[in-house]
Amino acid sequence: MYSDQPFYHALIIDDQKCIRCTHCLKVCPTEAIRIVDGRVEIKEERCVDCGECVRACPQKAIGIDHDDLGLMNNFKYRVLLFPSVFFAQFPERLSEDQVYTALMELGFTHAYEVEQPITVLKELIRKTVKENTSPFPTISSFCPAIVRLIQSQYPSLTSYIAKVKAPHDLAAHYVLDNLSAQGIAPAEVGLFYVTPCVAKIAAVRKPVGETKSIISGVISPGELYNKVMAIIDDIEPADCSDFRKELTKEGIQWSLTHGETWWQNSKTMAADGIHNAIKMLERIENEEIENIDFLELRACDRSCAAGVLLPQNRFLTVQRLKSRARRFPSAEKKMQAEGNNPFEHLEFKVVTDEILPRPLQRFGPDIAKAITRMQRARSIMCHLPGIDCGACGAPTCQALAEDMANGEARMSDCIFIQQLWQKDGKVPPEKAFQRMEKKWGEKRFDPDCTKIGAKNESN
Amino acid sequence: MVTLKFNIEGGNFSKAGYASSQVKKTLKQLNIHQSLIKNIVVALYEAEVNIVAHAYKGTIQVDIAPTDVSMLVSDEGPGIENIDLAMQEGFSTASAEVRQMGFGAGMGLPNIKKNVDEMYIDTVVGKGTSLKLKKMLNNV
């Protein structure tokens, strides 16, 4: 059974800022980007929301579908949920309570880090790993970009993805439980999640393996960081320790590489960076990796510390999280001391439905037609130069050949073929130039001193 | 029809599996059912490893048609002295070094046969072996 749900994407291209360079085109690990008629287009079925294009864009032209902070005014109780990596954006000279109090000053009534109570996820993963008797490892469901990558490019592995929701879902249930114990009805509560990356936004807005998201809005960490920093020095810190009373060593480091594996007593492996993850999935699919029980894959190098929307450097963030974690108790020891897991009742709430594959159909659904098209693409490759310059609007010559075989591009899109045709007198130079302008936009080739490296360094 | 051709080096175990992995990627792109892909890749991988483990060099050609996938795996190598023995599970002529690397368990040819619909062996002792395999695509 395949999923027929279209993917929701959180990326918005600003056509005014975009200068149609080819940076995004080249870094996209799934070859989802094309330039068509002077505009960047994202092939929806290929994009996994990894955010590499956002990182690569020199013009900051790829925007994110965030909610306005003002949205919180619709709720009586305004709860901010944020990942520990967001806390680690702030300078270490600031106290925990200073940061928390500043967040409340901005209008929130409650603020919780999402990686609590992490024991629920730990135990659920342990159970899932134990129940998996197949030769394949259980694959972490933590990184939504990886889940999407598996659904579309490694469909046979979808059944090994742990049916475990994300920390923000756990925190949402934990908070709603807490609040209802205080007599606050869920309908009065707005839950706002600070997303470190593009994939998490997509996961909040359109969760995979869940019917509906529990989150009311997604907030940009950059915007919130700036707002906090603007007021932080005038903040009189209040005692906010109650909001982080379930925070543990494991929770704080959960979103770092090895965050899900280091405390496991079975055989585990962790890989970060989307290209490393792809290599690993390739090997898992080939059954080349044996005797691994649990596999943690994260799309970003250094995991969520490198979240594309976070303002700080990833290495600094890792260091801050690690040194902060030392000050917190271990979840494992806490559970042993308490004798049981006091949040066991939350467990069933963080189990997802079956995660269905949605295989990418590069050459369409029909096998006979696909074979003809692939053969056509392979014949076209004989003629293309193999330079992979991107000037045709596709990331590689092979991608262009495939687009051509699918009827989405033409031979004349290749600027080298155009040159050849001009040399042979098959195309007048005027016509060749018109074609280039059609692809890259009118006046795209006029002198422009506002571009970076000319007379302007801002973007 | 899509045709893929590979040259295989005898003795290079670090590259063993490259051809079958490329064929897997191609079959995935064509929406061929995953259980059929698995059969084809398992058979092809075994044949590829056979070249690496036993022969000096070889070639693989894979022809993908809407109805079936045909594979021609030919090598220049020692050939097979007794095909009936070679078809028995557990029978192996692999050297100790090859076994140490985790290959040569004597499951190659029997495993190939299990995973395809047609298999023909043509072998000349002292010259080489060629293996013709076919997997039909219409029965999942």
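### Examining the domain arrangement of chain A
Residues and elements named next belong to chain A. Entries for chain A in the domain assignment read domain 1 (11–64), domain 2 (69–350) and domain 3 (367–440). Once you take the C-alpha centre of each, domain 1 and domain 2 turn out to be 27 Å apart. On the side of domain 2, 18 residues touch domain 1, which itself brings 13 residues to the contact. For the pairing of domain 1 and domain 2, the buried interface totals around 1200 Å² over both sides, and the portion due to carbon and sulfur atoms is 67%. The tally of links from domain 1 across to domain 2 stands at one salt bridge. Between Asp-49 and Arg-148 there is a salt bridge, and its shortest N-O distance comes to 2.6 Å. Where domain 1 touches domain 2, the interface holds three residue pairs in polar contact (both at pLDDT 80 or more). With three residues, helix α2 (residues 52–56) is the single largest residue contributor to the side of domain 1 that touches domain 2. Per-class residue counts for the side of domain 1 that touches domain 2 are seven nonpolar, two polar and four charged.

### Some details on the environment of Ser-134 of chain A
Residue placement: Ser-134 of chain A occurs in the loop between α5 (119–131) and β7 (138–139). Reaching out from Ser-134 of chain A, the side chain makes a polar contact with the side chain of Asn-132 of chain A at a distance of 2.8 Å.

### Comments concerning the pairing of strand β5 (residues 77–82) of chain A
Residue and element names in this part refer to chain A. In terms of burial, β5 is largely enclosed, as five of its six residues are buried. Here five bridges tie β5 to strand β8 (residues 189–194), and the two strands are oriented parallel to one another. Residue pairing for β8: Leu-81 is matched across the bridge by Tyr-193. Both β5 and strand β6 (residues 110–113) contribute to a ladder of four bridges, which runs parallel.

About the criteria used
- Counting of residues starts from 1 at the beginning of each chain's written sequence and follows it residue by residue.
- For this description, chains carry letters from A and ligands carry numbers from 1, given in the order in which they are written.
- Residue-level local features of this predicted model are given only where pLDDT is at least 70; pairs of side-chain atoms are given and counted only at 80 or more, and the full residue set underlies all totals for whole chains, interfaces and linings.
- The side-chain quantities take in all heavy atoms of the structure and omit both hydrogens and water.
- An automatic or database domain assignment supplies the residue ranges for each domain.
- Note on definitions: a residue-residue contact is assigned when non-hydrogen atoms from the two residues lie within 4.5 Å.
- For any pair of parts, buried area is found by adding up, for both, the accessible area (1.4 Å probe) each one loses once the two are put together.
- By convention in these notes, a salt bridge is any Lys or Arg side-chain nitrogen within 4 Å of a carboxyl oxygen on Asp or Glu.
- Polar contact is defined as a pair of N or O atoms within 3.5 Å, subject to the rule that within protein one atom must be able to donate a hydrogen and the other to accept it, and that residues adjacent in sequence are counted only when both atoms are side-chain atoms.
- Secondary structure elements are taken from DSSP: a helix is a run of H or I of four residues or more, a strand is a run of E of two residues or more, and numbering for both begins at the N terminus.
- Each residue gets one of three labels, nonpolar for Ala, Val, Leu, Ile, Met, Phe, Trp, Tyr, Cys and Pro, charged for Asp, Glu, Lys and Arg, and polar for the others, Gly among them.
- Residue burial is assigned from relative accessible area. The probe radius is 1.4 Å, only protein chains are included, and a residue is buried under 20% of its type maximum, exposed over 50%, and partly exposed in between.
- Should DSSP find at least two bridges between two strands, the strands are regarded as paired.

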